[in-house]
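Below, each chain spelled out in residue letters.
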Amino acid sequence: IKRYGGMTISSLIKDKDESVFERLIFKNELTGEYHGKLAIKVTNRNQYIWYENLLFIITSVGLILLISAGFVFSVVIILRQRKLSDLKTAFINNMTHELKTPVATIGIASQMLNDKKVLEIPSKVIQYSEIIKQENLRLGSHIEKVLQVAQLEQGSVKLNMQKVDMHDILKKLKSSYMLRIEAAQGSLTENLQAENSLVWGDEQHLYNVLSNIYDNAIKYSKKELTIKVSTKNYQNYLELSIYDNGIGMSSSAQRHIFDTFYRESSGNVHNVKGFGLGLSYVKGMVERHKGRISVRSEEGQFSEFKLIFPLKKDRE
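What counts and what doesn't
Residues numbered from 1 in each chain as written. Predicted model: local features only at pLDDT ≥ 70, side-chain atom pairs only at ≥ 80, totals over all residues. Heavy atoms only, no water. Core = buried A, V, L, I, M, F, W, Y, C linked by side-chain atoms within 4.5 Å. Buried < 20%, exposed > 50% of the residue type's maximum accessible area, 1.4 Å probe, protein only. Helix = DSSP H or I, 4+ residues; strand = E, 2+ residues; numbered from the N terminus. Pairing = 2+ DSSP bridges. Axes fitted to C-alpha atoms, helices over the stretch in contact; angles between N-to-C directions. Phe/Tyr/Trp six-rings, centres within 6.5 Å; stacked < 30°, edge-to-face > 60°. Salt bridge = Lys/Arg side-chain N within 4 Å of Asp/Glu carboxyl O. Left-handed = near helix turned anticlockwise from the far one by under 90°. Contact = heavy atoms within 4.5 Å. Nonpolar A, V, L, I, M, F, W, Y, C, P; charged D, E, K, R; others polar.

**Student:** Go over the nonpolar core, please, and point to the residues and values.
**Tutor:** Met-166, Leu-210, Ile-227, Phe-305 and Leu-307 are the most contacted members of the largest nonpolar core, which totals 41 residues. Those elements giving two or more residues to this core turn out to be helix H5 (166–183), helix H6 (203–219), strand E8 (226–234), strand E9 (237–244), helix H8 (278–288), strand E10 (292–298) and strand E11 (302–310). No other element matches the eight residues that H6 contributes to this core.

Here's what the structure looks like:
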């Protein structure tokens, strides 16, 4: 019997060492008996197996992680696409409703003007003509809003950049909205502390930006609406704040309020018609003027929009 490492093969087998592998050899073909046994002792077996399969293990783990990451990414993309599809569906439904209403009103008013009895009453003719005029303006406003957002996203909006006094725009807005604010039993107060209110921008689009915020403040107002507008300078910027004590927004809505087509679908907000394009346009246009916009709100309490624009420089 041969010796291995100071031990005989028979003692290795007897001790049943797990590192020893054995096999019968020298088989007698006539009797079928084996006349020998081969025993092999393997040292550091586990380390050897790990070393030999390390590349395979690393590759396998890497592929599993890559497949998992791809699966998670695919799920996220699918959920985003589904959300976008839902938003677009809601937008189409809202747009259809908003466009059908003035069209139907114009149709009814036109039919009334064809009535001979109505034509005999000048006051009725004037009344229905005024209805057609107002609804036509409303219809054009809806179409213009959709076109503006589409052009803004495509980057095809051409701005008529010039020196603009934001205080002058605020005065025009106050004149335009006071009747609506008073009709809502509300008040508008201004605290215009900015000594320099000149910015470089497109006056009409800046007016539209602030008009959208005023409009939302009125639409989402509670009783005794209060709107507070303030301006101030810091460094080379003009900061404009618009506060209202309306129904406010949830934290979830604040994260998505500037997204295209987004409309909060809970509470009283759901009952207010709209396209979900107004604040998307506001954010895009503020950024086109190299400005920033943020919102701070508490649900059921208030909302405050803060707009920051760089001041006009002499060299511009």
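**Student:** Please provide a residue-by-residue account of the sheet that holds strand E6 (residues 187–192), values included.
**Tutor:** On the basis of which strands lie adjacent, the open sheet formed by five strands has the order E6-E8-E9-E11-E10 and mixed pairing. With one partner strand each, in any of the chains shown, E6 and E10 form the two edges of the open sheet. Along the sheet, successive strands turn relative to each other by an average axial angle of 15°, direction set aside. Pairing geometry for E6 and E8, over six bridges, is parallel.

**Student:** Residue-level account of the packing of aromatic side chains, with values.
**Tutor:** For the structure shown, the criterion picks out four aromatic pairs. Pairing Tyr-243 with Phe-302 gives two aromatic rings, centres 5.6 Å apart and planes at 25°, and the pair type is stacked. Separated by 59 residues along the polypeptide, Tyr-243 in strand E9 and Phe-302 in strand E11 bring together distant segments of the chain. Given a relative accessible area of 10%, Phe-302 falls into the buried group.

**Student:** So what about the pattern of salt bridges? Which residues, and what values?
**Tutor:** The final tally for this structure, using the stated rule, is seven salt bridges. Lys-172 is paired through a salt bridge with Glu-203; the nearest N and O atoms lie 2.7 Å apart. Pair noted here: Lys-172 is in helix H5 and Glu-203 is in helix H6, with a separation of 31 residues, a long-range link. Lys-219 is paired through a salt bridge with Asp-215; the nearest N and O atoms lie 3.9 Å apart. Separated by four residues within a single helix, Lys-219 and Asp-215 lie in helix H6, roughly one turn from each other.

**Student:** So what about the packing of H6 against H8? Which residues, and what values?
**Tutor:** Remark: H6 packs on H8, axes separated minimally by 9 Å, with the N-to-C direction vectors making an angle of 145°. Helix-helix and strand crossings are classified by hand; for H6 and H8 the assignment is left-handed. Residues His-205, Asn-208, Val-209, Asn-212, Ile-213 and Asn-216 of H6 touch H8, and the partners they reach there are Gly-278, Leu-279, Tyr-281, Val-282, Met-285 and Val-286. For the contact of H6 with H8, the class distribution of residues is seven nonpolar, five polar and no charged.

**Student:** Hey, could you go over the environment of Thr-101 for me, with residue numbers and the actual values?
**Tutor:** Among the secondary structure elements, Thr-101 is positioned in helix H2 (residues 45–113). You can call Thr-101 partly exposed: its relative accessible area is 26%. Sequence spacing of Thr-101 and Arg-138 is 37 residues, and the spatial spacing of their C-alpha atoms is 9.8 Å.

**Student:** How would you summarise the pairing of strand E4 (residues 34–41) if you had to cite specific residues and measurements?
**Tutor:** Look at any regular strand and the pattern is simple: side chains alternate between the two faces of the sheet. Bridge count between strand E3 (residues 20–27) and E4: seven bridges; the pairing is antiparallel. By the bridge assignment, Leu-24 is partnered in E4 with Lys-37. Between the antiparallel neighbours E3 and E4 lie six residues, among them Gly-32 with a positive phi of about 80°.

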